[in-house]
Amino acid sequence: PAARVASQRKDVWSIVNEAAAASEKEVINLGQGFFGYNPPDFVLNAAREALTRVECNQYSPTQGRPRLRQALSDSYSPFFGRKLDPATEITITTGANEGMLSAFMGFVEEGDEVIVMEPFFDQYISNIEMCGGKVVYVPLHPPAKGDTETCPASDWTLEISELEAKITPKTRMIVINSPHNPIGKVFSEEELRAIGELCVKNNIIILSDEVYDRLYYRPFTRIATLSPEIEDLTLTVGSAGKNFYCTGWRVGWLIGKPHLIKYVSAAHTRICFSSVSPLQEAIAIGLEQADEHKFWETSKEDMLRKMTRFNEVWKELGIPYTEPDGGYFVLVNLQKVKLPEDIEWPESVKDRARDFKLCWFLIKELGLAAIPPTEFYTKENEKEAENYLRFAVCKEDSVLDAAKERLRGLK
Ligand code: GLN
């Protein structure tokens, strides 16, 4: 095998899903962030209808179906405060993930540096490295009292001076993720402005992963909108999967100025040519009809309600967690949970940090799966996350209630 894949260890998503599937107990899976319910009917019906149309079952243009680019322009132009050109400023990708890979492919040369905040969504790292890039990490510091008290995600902080110190002549890009996975932090306008200004000063491309952009519980700012100079350097990443509860559809997009989108699109064309056509059409219709169904308000309220409902159990158990500003994950500090000493750990977790063992223990003892977040840290800093697990709340209320009931077993 090529070194770029031979060096990849097994991804955490497969480890957890496989452990959950292999368990004797029926497992409630609050690990990987997939929804426990279907997309809304107006989107599902649009998909059914698209599947019956000849032109929807064939290749879409490489940049994406025109109707979807138009719908995105209509939906996002108001956020950007200007008319986004659907022909040159929006490109459709096979999930946000492939969109980000295409962005790295488009701009990162062998040996270029890309700054990523730690903790990070794991795919960034392999995507950057597969392009020959070098990842440079800058920490998001947990709140001082985070180990013992529930704190808002906004208390996790980025030190701008630390970020500045990481910039070298080789710095090509920075990845921002807001709302953040796994912390749930929504970056403030001041934080984003400081990052943006540094990028302008040093000519660094900003890849802003905003896939949870419709799920925020405090004011949300898009970095691209802060100044024309920042916008000139920013690629904004979006996801139909997260917006419309269909992570398996693999429809994502990037928005940016033509001089950036052009190269993302060129890379995307040579990676997968074009993305799933009928589902692009369905997402176009979803965006067109979202307002009349009051879908954005409802989906946000629903998720916040689920988050609050689920987190009651931590209050009950006296377990601290990070109160998310956005998204559908909650990071929980399970330091209090004692792991038995005489346990025989399976291969997949034997040599991993305590959170992997916690994860396995919860699957086995409670029939509940969550994600061990040291996967989102470098080996060097993984100690910081070894007492945490990340839970996804994008599930039916009855499933969340059943999960809570199992967690009460931790008492
Ligand atoms: N974004 C999803 C999560 O964090 C996972 C996506 C993936 O499995 N690659 O759960």
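Residues numbered from 1 in each chain as written. Predicted model: local features only at pLDDT ≥ 70, side-chain atom pairs only at ≥ 80, totals over all residues.

Within an unreviewed UniProt entry, the label attached to the protein reads Similar to Uncharacterized aminotransferase C6B12.04c acc. no. O14209, and the organism entered is Pyronema omphalodes. Within the UniProt record for the protein, the comment given under Cofactor (unreviewed entry) is "pyridoxal 5'-phosphate". (UniProt positions renumbered as here; feature names shortened; annotations may be inferred.)

Some details on unusual backbone geometry
The linkage connecting Glu118 with the following residue, Pro119, adopts the cis geometry, with an omega of 10°. Summarising the element assignment, Pro119 is placed in the loop between β3 (113-118) and α6 (122-130). Positive phi, close to 55°, is recorded for Asn203, a residue that is not glycine. In this structure, Asn203 sits in the loop between α8 (189-202) and β8 (205-209). Of note, Tyr245 is a non-glycine position whose phi angle comes to about 60°, a positive value. Position of Tyr245 relative to the elements: it lies in the loop between α10 (240-244) and β10 (252-255). (Helix = DSSP H or I, 4+ residues; strand = E, 2+ residues; numbered from the N terminus.)

Notes on the pairing of strand β4 (residues 134-141)
In this structure, β3 lies alongside β4, joined through six bridges in parallel fashion. The residue bridging Val114 from the neighbouring strand is Val135, located in β4. Each parallel crossover has a hand, and the one from β3 via α6 to β4 is right-handed. Two strands pair when backbone bridges link them, and β4 and strand β6 (residues 157-158) are joined in this way by two bridges, in the antiparallel orientation. Counted as the bridge partner of His141 is Thr157 from β6. (Pairing = 2+ DSSP bridges. Right-handed = clockwise from strand over helix to strand, strands pointing away.)

Some details on the UniProt feature "domain: Aminotransferase class I/classII large" (unreviewed entry) in the protein
Within this numbering scheme, the UniProt entry marks residues 26-404 as carrying the feature "domain: Aminotransferase class I/classII large" (unreviewed entry). Summarising residues 26-404: 41% helix, 16% strand, and an end-to-end C-alpha distance of 15 Å.

Focus: the nonpolar core
Membership of the largest hydrophobic core comes to 119 residues, with the highest contact counts inside it found for Ile206 and Leu368. Among the elements that line this core, the one with the most residues is helix α5 (residues 95-107), at seven residues. When residues of this core are sorted by domain, at least three fall in each of domain 1 (3-39 + 295-410) and domain 2 (41-290). Every residue in contact with Leu368, bar those within four places of it in the chain, is listed here: Val27, Ile28, Leu30, Leu362, Ile363, Ala403, Arg406 and Leu407. (Core = buried A, V, L, I, M, F, W, Y, C linked by C-beta atoms within 7 Å. Buried ≥ 20, exposed ≤ 12 C-beta atoms within 10 Å, placed from the backbone. Domains from an automatic or database assignment. Contact = placed C-beta atoms within 7 Å.)

With respect to the site of the ligand
Contacts to the ligand come from Trp13, Gln32, Gly33, Gln123 and Asn181. Here the shell around the ligand is composed, by residue class, of one nonpolar, four polar and no charged. (Near = placed C-beta within 6 Å. Nonpolar A, V, L, I, M, F, W, Y, C, P; charged D, E, K, R; others polar.)

Details of the packing of helix α4 (residues 66-80) against helix α12 (residues 277-290)
In contact at an axis separation of 8 Å, α4 and α12 are set at 25° when each is read in the N-to-C sense. As judged from the angle between their axes, α4 and α12 are roughly parallel. With respect to the hand of their crossing, α4 and α12 are arranged in left-handed fashion. Each of Arg67, Leu68, Ala71, Leu72 and Ser75 in α4 lies in contact with α12, whose residues at this interface are Gln280, Glu281, Ile283, Ala284, Leu287 and Glu288. Broken down by class, the residue content of the contact of α4 with α12 amounts to six nonpolar, two polar and three charged. (Axes fitted to C-alpha atoms, helices over the stretch in contact; angles between N-to-C directions. Parallel < 35°, antiparallel > 145°, perpendicular 65-115°, else oblique. Left-handed = near helix turned anticlockwise from the far one by under 90°.)

Here's the deal with the sheet that holds β6
Spatial ordering of the open sheet is given by β2-β10-β9-β8-β7-β3-β4-β6, a layout of eight strands whose pairing is mixed. Two strands lie at the open edges of the sheet, namely β2 (90-93) and β6, each paired on one side alone. Each of β2 and β10 is contacted by α4, which is oriented at about 120° to β2, the strand it contacts most.

As for the domain arrangement of the protein
Here the protein is described as being made up of domain 1 (3-39 + 295-410) and domain 2 (41-290). Domain 1 and domain 2 are separated by 24 Å when their C-alpha centres are compared. Counting from both sides, the interface comprises 38 residues of domain 1 and, opposite them, 40 residues of domain 2. Within the residue set of the side of domain 1 that touches domain 2, elements represented by two or more residues are α13 (295-317), β11 (321-323) and β12 (329-333). For the side of domain 1 that touches domain 2, the element with the most residues is α13, which contributes six residues. In terms of residue class, the side of domain 1 that touches domain 2 is made up of 20 nonpolar, 10 polar and eight charged.

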